[in-house]
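Read off the chains here:
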Amino acid sequence: MEKKNKLYEGKAKILYDTDSPDYLIQYFKDDATAFNAAKKGTIKEKGVMNNGISTRMFEFLEAEGIPTHFVKKLNDREMAVKKVDIVPVEVVMRNIAAGSLCRNLGVEEGMKLPCPVLEFCYKRDDLNDPLINASHIRALNLATQDEIDEITKYALQINELMKQFFLNLKLELVDFKLEFGRCNGSIILADEISPDTCRLWEVGTGNKLDKDRFRHDLGNIEEAYQEVLKRMSV
Ligand code: ADP
Ligand code: UDP
């Protein structure tokens, strides 16, 4: 597969088209942003680590029967993916209270949620990715009810699979964000799964091994991402 033109440069990745209309190349950058890009920085070798971690996660989920855009890892920072029409909804799954759930609902960080919480956010940086529900999604024509049902089913399955996957690595899956896209008439998982998009706490110590280290200047950011990759690779 040959890399052609840059299609899009986002906050964390660059998309290139290829000599095939069905495939893109996803390049992982070291750039990091938080609080809707109000905080900016770089995390050394983040792109390499997130490409490795996302590759492992997509391979795992595919093997468990979840359809994803992942085709193959090409090199340190690039993976080939199926081109999709992204559903402009960020799907957040939560098992433990953290981040915006605590701010919005006045719950304390670390509260174990008795059932997984599923949230939808409208993928609109100019509006700060506002929280929306299924009727907003239908009313704004972002997705059909069938697509919402499919996305919900996958998100719940992925949560159960990833929770166990990380628990085996002595990491607690606190919350994470997913993006889905349309490909040949069906919904598949797209984008990335990495410590940029998941909160992971070490079992026992509660040590944060994710982007919260960058968001809140906790230090040892590179080491945290490296540790996640290391645990996955053995
Ligand atoms: P952002 O756009 O939020 O700054 P990124 O830097 O991660 O985020 O950019 C990657 C972009 O690529 C995202 O907008 C994401 O929705 C989109 N994307 C992810 N996977 C695919 C895919 N398979 N096909 C088309 N677009 C994709
Ligand atoms: N998340 C993400 N991208 C976003 C917003 C959230 O990857 O644009 C992830 C975030 O890393 C966390 C989960 O989704 O794992 C829930 O994020 P939350 O709403 O608590 O975000 P915060 O407001 O704390 O950034």
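It should be noted that the structure appears before, not after, this text.
A. Looking closely at the packing of helix 1 (residues 46–63) against helix 4 (residues 145–167). The interhelical angle for the contact between helix 1 and helix 4, taken along N-to-C directions, is 120 degrees, at an axis separation of 11 Å. As the angle between them shows, helix 1 and helix 4 are arranged oblique. In this structure, helix 1 meets helix 4 at a crossing whose hand is right-handed. Facing helix 1, whose interface residues are Arg56, Met57, Phe60 and Leu61, helix 4 presents Ile158, Leu161, Met162, Phe165 and Phe166. Among the residues forming the contact of helix 1 with helix 4, the class breakdown is 8 nonpolar, no polar and 1 charged.

B. Here's a closer look at the nonpolar core. Of all hydrophobic cores here, the largest spans 53 residues; its most connected members are Ile158, Met162 and Phe166. By residue number, the principal contributor to this core is helix 4, which donates 9 residues. Not counting residues up to four positions away in its chain, the partners in contact with phenylalanine 166 are Met57, Leu171, Leu173, Leu200 and Met232.

C. Region of interest: the site of ligand 2. By nearness alone, 16 residues border ligand 2, and Arg94, Ser100, Arg103, Asp175 and Arg199 come closest of all. Residue glutamate 90 places a side-chain N or O atom 3.1 Å away from an oxygen atom belonging to ligand 2. Note that an oxygen atom of ligand 2 is positioned 2.6 Å from one of the side-chain N or O atoms of aspartate 175. Here ligand 2, which alone exposes 520 Å², has 81% of that area covered by the protein. Counting residues per element, the ones that place at least two in the shell around ligand 2 are strand 9 (89–96), helix 2 (99–105), strand 12 (171–183) and strand 14 (198–202). Residues that form the shell around ligand 2 fall into these classes: 4 nonpolar, 3 polar and 9 charged.

Rules of the game
- Residues numbered from 1 in each chain as written.
- Chains lettered and ligands numbered in written order.
- Predicted model: local features only at pLDDT ≥ 70, side-chain atom pairs only at ≥ 80, totals over all residues.
- Heavy atoms only, no water.
- Axes fitted to C-alpha atoms, helices over the stretch in contact; angles between N-to-C directions.
- Helix = DSSP H or I, 4+ residues; strand = E, 2+ residues; numbered from the N terminus.
- Parallel < 35°, antiparallel > 145°, perpendicular 65-115°, else oblique.
- Left-handed = near helix turned anticlockwise from the far one by under 90°.
- Contact = heavy atoms within 4.5 Å.
- Nonpolar A, V, L, I, M, F, W, Y, C, P; charged D, E, K, R; others polar.
- Core = buried A, V, L, I, M, F, W, Y, C linked by side-chain atoms within 4.5 Å.
- Buried < 20%, exposed > 50% of the residue type's maximum accessible area, 1.4 Å probe, protein only.
- Near = heavy atom within 4 Å.
- Polar contact = N/O pair within 3.5 Å; in protein donor to acceptor, adjacent residues only side chain to side chain.
- Areas by Shrake-Rupley, 256 points an atom, 1.4 Å probe, with all protein chains shown as cover.

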